[in-house]
Amino acid sequence: MIAGKRPLLAELAGEQWDLVVVGGGITGAGVLLLAAQLGIKTLLVEKQDFAWGTSSRSSKMVHGGLRYMAQGAVRLTREALQERERLLRELPDLVVRQPYLFPIRKGQFPGRWPMAIVLWLYDRLASIRDHRWMSAAELAERVPALGREQLRGAMRYTDALTDDSRLVLRVLHEAAAEGATMLNYAGVEAVTGPQGEHEVALRDQLTGALHTLHVKHVINATGAWADKLSGSAPRVRPLRGSHLLVPAARLPVADCLTVRHPQDGRPVFVFPWQGLTCIGTTDLDHKEDLDQEPAISQREIDYLLALVNSQFPDVHLGEADIISTMAGVRPVISSGKGLDPSRERRDHAVWQENGIITVSGGKLTTFRVIAIDALLAAGLIDQTAHRRLLASPRLFRQAASVPAGLGHPLKPWPGEEQGAQAALLDWVLTHEMVVHLDDLMLRRTRFGNLLADGGDALLAAHAERICNALGWDEQRWQHELTRYRTILQHSYRTPAAMG
Ligand SMILES: Cc1cc2nc3c(=O)[nH]c(=O)nc-3n(C[C@H](O)[C@H](O)[C@H](O)COP(=O)(O)OP(=O)(O)OC[C@H]3O[C@@H](n4cnc5c(N)ncnc54)[C@H](O)[C@@H]3O)c2cc1C
């Protein structure tokens, strides 16, 4: 398990490390786990909180990506589908198979038969057979709110859903059980010296103290931030994608729907997630400062509402229906050709400059493959081990002692019931290195996104429990409340709700 309390950086800095992994998103967590399983003495450092970056703000799909296959990225799709099947097998409580519907209207491309061919191949790449045509009548029964104009029916297939930040935490727990060490709120400022003799300047974000670590290998897994540490020419094109979360009663869907936006024809998902309905995503260049938490813009809200109101014409969804929002920045490896954002490929890349290995791009779904590639590039494994690891039947070997249901993508766990909330908080507070209140409300749990009041009532009910567990006095509690509400207002609510 991850240490309940954050270890002291000064103590960790005094130790000898074979490998330092920079970045505590899914990529860094994956590298840490694989390295620990190989017996490499590894430390992961994260500047903010684990999964603070893109890995808590994705569309939460563990999928091959039909869109990528349609763009000809068959290798990426196959890799992602095989990883999807593996995660479904290995983490059945966290990664859940889910029906996906692709409604088809008259005159729309691709129509029924081209989609049937694509899905035949899609399933084949995953070694499953799980798609069929759904008639307009069956579709209307299954999704009554969907507009029926020119509706022919839908292709039904399956992919999977998860809770992305819980997936990162699950990987970190596993890595800790394999002997790895991890630390949040510790940011790398510089890496100097050649491979084998790197000096890593590491800032403790809580005390401000700067420490120097002497390490043999550094893997920079900082996603959208990768160019800041890589030492090479910039390669990452940060693309923002945003989501809306609305009450399921306002837009009820039991399946993940892919619907086309009336303005530009882009496919957008409408899907059930932890008791709400999620709508997303957008895809645009993120020009804001990467060190500020990303936030949805008014234009993106209007775009997503326009999609819903064109595809579900009787729903009349408005801004007042939005419970929360979620915006993330994709670390996309730029083609350098100034392509439309949605046409940039989603493969990962690994490169080396001055001995620092940088890994960026790719997908949540393919984190295991990305991690194995990074270890190869760092010279920590050879080609034979690379092949062996890719073919290895299991990644997760330790029994998970995470409370059942935590992170289940389709269950609003633990809901409103105070006893269940208390049990969950107790477990998280003693096992998951919570430093700030936003760690608890936005990433260990999703209360900040799921509860219409942002969790105000829950926090009032459990204030003493949280303060006792974390050793906070009244002054610290007030400080944490202000910090959490500021983050919530800035990055998880609509601009109008920000006042
Ligand atoms: C809107 C959206 C939807 C998506 N949907 C899906 C999906 O449905 N399925 C899917 O498979 N993929 C999806 N993705 C892609 C996926 O989320 C990302 O590829 C993945 O999360 C990237 O993980 P990462 O670990 O590389 O980066 P991150 O999760 O961003 O982690 C990098 C970490 O590095 C830290 N860091 C930065 N600088 C430093 C430093 N100097 N020192 C220490 N730490 C540092 C950051 O704080 C950050 O936490 C989506 C992405 C977006 C944006």
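About the thresholds
Residues numbered from 1 in each chain as written. Predicted model: local features only at pLDDT ≥ 70, side-chain atom pairs only at ≥ 80, totals over all residues. Heavy atoms only, no water. UniProt positions renumbered as here; feature names shortened; annotations may be inferred. Near = heavy atom within 4 Å. Polar contact = N/O pair within 3.5 Å; in protein donor to acceptor, adjacent residues only side chain to side chain. Areas by Shrake-Rupley, 256 points an atom, 1.4 Å probe, with all protein chains shown as cover. Helix = DSSP H or I, 4+ residues; strand = E, 2+ residues; numbered from the N terminus. Nonpolar A, V, L, I, M, F, W, Y, C, P; charged D, E, K, R; others polar. Buried < 20%, exposed > 50% of the residue type's maximum accessible area, 1.4 Å probe, protein only. Contact = heavy atoms within 4.5 Å. Core = buried A, V, L, I, M, F, W, Y, C linked by side-chain atoms within 4.5 Å. Salt bridge = Lys/Arg side-chain N within 4 Å of Asp/Glu carboxyl O. Axes fitted to C-alpha atoms, helices over the stretch in contact; angles between N-to-C directions. Parallel < 35°, antiparallel > 145°, perpendicular 65-115°, else oblique. Left-handed = near helix turned anticlockwise from the far one by under 90°. Disulfide = S-S within 2.5 Å. Phe/Tyr/Trp six-rings, centres within 6.5 Å; stacked < 30°, edge-to-face > 60°. Lys NZ or Arg CZ within 6 Å of the ring centre and 35° of its normal. Pairing = 2+ DSSP bridges. Expected span 1.5 Å × (residues − 1).

- The chain goes by Glycerol-3-phosphate dehydrogenase/oxidase in an unreviewed UniProt entry, where it is assigned to Alcanivorax quisquiliarum.
- According to its UniProt record, the chain has this under Cofactor (unreviewed entry): "FAD".
- What UniProt records for the chain under Sequence similarities (unreviewed entry) is the sentence "Belongs to the FAD-dependent glycerol-3-phosphate dehydrogenase family."

Some thoughts on the site of the ligand
Part 1 of the argument: The immediate surroundings of the ligand are formed by 37 residues, with Thr27, Glu46, Ser55, Met61 and Thr365 found nearest.
Part 2 of the argument: Between Ile26 and the ligand, the recorded distance is 3.2 Å, taken from a backbone N or O atom to an oxygen atom.
Part 3 of the argument: Residue Glu46 places a side-chain N or O atom 2.6 Å away from an oxygen atom belonging to the ligand.
Part 4 of the argument: Within the complex, 96% of the 1000 Å² of free accessible area of the ligand lies under protein.
Part 5 of the argument: Listed by contribution, the elements that provide at least two residues to the shell around the ligand are helix H2 (26–37), strand S8 (186–192), strand S11 (236–247) and strand S16 (324–333).
Part 6 of the argument: Its residues assigned to classes, the shell around the ligand shows 11 nonpolar, 20 polar and six charged.

What to know about the side chain of His243
Part 1 of the argument: Assignment of secondary structure puts His243 in strand S11.
Part 2 of the argument: Judged by relative accessible area, which is 2%, His243 ranks as buried.
Part 3 of the argument: Only 2.8 Å separates the side chain of His243 from the side chain of Ser59, close enough to count as a polar contact.
Part 4 of the argument: Once residues lying within four places of it in the same chain are set aside, the contact partners of His243 are Arg57, Ser58, Ser59, Cys278, Ile279, Gly280, Thr281, Ile296, Leu304, Ser324, Thr325 and Met326.

A few points about the nonpolar core
Part 1 of the argument: Ranked by internal contacts, the top residues of the largest apolar core, which has 49 residues, are Leu172, Met182 and Ile219.
Part 2 of the argument: For this core, the secondary structure elements donating two or more residues are strand S1 (17–22), H2, helix H4 (74–90), helix H7 (164–177), strand S18 (356–361), helix H10 (367–377) and helix H11 (383–391).
Part 3 of the argument: Here the element with the most residues in this core is H2; it accounts for eight residues.
Part 4 of the argument: Setting aside chain neighbours within four positions, we find Met182 in contact with Ile2, Pro7, Leu32, Leu43, Leu44, Phe50, Leu172, Ala176 and Met433.

What to know about the pattern of salt bridges
Oppositely charged side chains can pair when the atoms bearing their charge come close.
Part 1 of the argument: Under the counting rule described, the total for this entry stands at 40 salt bridges.
Part 2 of the argument: We note a salt bridge from Arg394 to Glu90, for which the minimum N-O separation is 3.9 Å. Taken together, the residues span a long stretch of sequence, with Arg394 in the loop between H11 and helix H12 (418–431) and Glu90 in helix H4 at a distance of 304 residues.
Part 3 of the argument: Arg394 sits in the partly exposed class, given a relative accessible area of 49%.

Here we look at the environment of Gly405
Part 1 of the argument: Here Gly405 lies in the loop between H11 and H12.
Part 2 of the argument: Remark: the alpha-carbon pair of Gly405 and Asp93, spanning 312 residues in sequence, is separated by 6.6 Å.

Examining the packing of H12 against helix H15 (residues 456–470)
Part 1 of the argument: Contact pair H12 / H15: the axes reach a minimum separation of 10 Å and the direction vectors enclose 30°. By the angle class used here, H12 and H15 are roughly parallel. For the crossing formed where H12 meets H15, the hand is right-handed. Across the interface between the two elements, Gln418, Gln421, Ala422, Leu425, Asp426 and Leu429 from H12 touch Leu458, Ala461, His462, Arg465, Ile466, Ala469 and Leu470 from H15.

Let's talk about the state of the cysteines
Part 1 of the argument: Inspection of every chain in the model, using the stated rule, returns zero disulfides.
Part 2 of the argument: A disulfide-free cysteine, Cys278 has its sulfur positioned 9.5 Å from the sulfur of Cys256, the nearest such atom.

A closer look at the packing of aromatic side chains
Part 1 of the argument: Under the criterion given, the structure shown has five aromatic pairs.
Part 2 of the argument: Relative to Trp477, the ring of Trp472 lies with its centre 6.4 Å away and its plane at 40°, an arrangement referred to as tilted.
Part 3 of the argument: An aromatic cluster is built from Tyr100, Tyr122, Tyr157 and Phe269, whose rings are joined through pairwise contacts.
Part 4 of the argument: Cation over ring: Lys41 sits above Trp17, and NZ or CZ is 4.4 Å from the ring centre.
Part 5 of the argument: Here the basic side chain of Lys60 rests over the ring of Trp273, its NZ or CZ set 5.3 Å away from the ring centre.

Remarks on the pairing of S16
Part 1 of the argument: Burial within S16 is extensive, with 10 of its 10 residues counted as buried.
Part 2 of the argument: Here S16 shows two buried faces, one formed by Ser324, Met326, Gly328, Arg330 and Val332 and the other by Thr325, Ala327, Val329, Pro331 and Ile333.
Part 3 of the argument: In terms of strand pairing, S11 meets S16 through 10 bridges, oriented antiparallel. Paired with Val236 across the bridge in S16 is Ile333.

Examining the UniProt feature "domain: FAD dependent oxidoreductase" (unreviewed entry) in the chain
Part 1 of the argument: In this numbering, the UniProt entry assigns the feature "domain: FAD dependent oxidoreductase" (unreviewed entry) to residues 18–364.
Part 2 of the argument: Helix and strand shares over residues 18–364 are 25% and 34% respectively, and the end C-alpha atoms of the span are 26 Å apart.

Re the packing of H15 against helix H16 (residues 474–491)
In a packed pair of helices, the relevant descriptors are the angle between the two axes and the axis-to-axis distance.
Part 1 of the argument: Close contact between H15 and H16 brings their axes to 12 Å; oriented N to C, the two are set at 145°. In this structure, H15 meets H16 at a crossing whose hand is right-handed. Contacts from Asp456, Leu459, Ala463, Ile466 and Cys467 in H15 reach Trp477, Leu481, Tyr484 and Arg485 in H16.
Part 2 of the argument: Taken together, the residues of the contact of H15 with H16 sort by class into seven nonpolar, no polar and two charged.

Digging into H2
Part 1 of the argument: Its 12 residues give H2 an end-to-end C-alpha distance of 16 Å, which sits within 8% of 16 Å, the value for a rise of 1.5 Å per residue.
Part 2 of the argument: Counting buried positions along H2 gives 12 out of 12 residues, so the element sits mostly inside the fold.
Part 3 of the argument: If you check which residues of H2 are buried, you get Ile26, Thr27, Gly28, Ala29, Gly30, Val31, Leu32, Leu33, Leu34, Ala35, Ala36 and Gln37.

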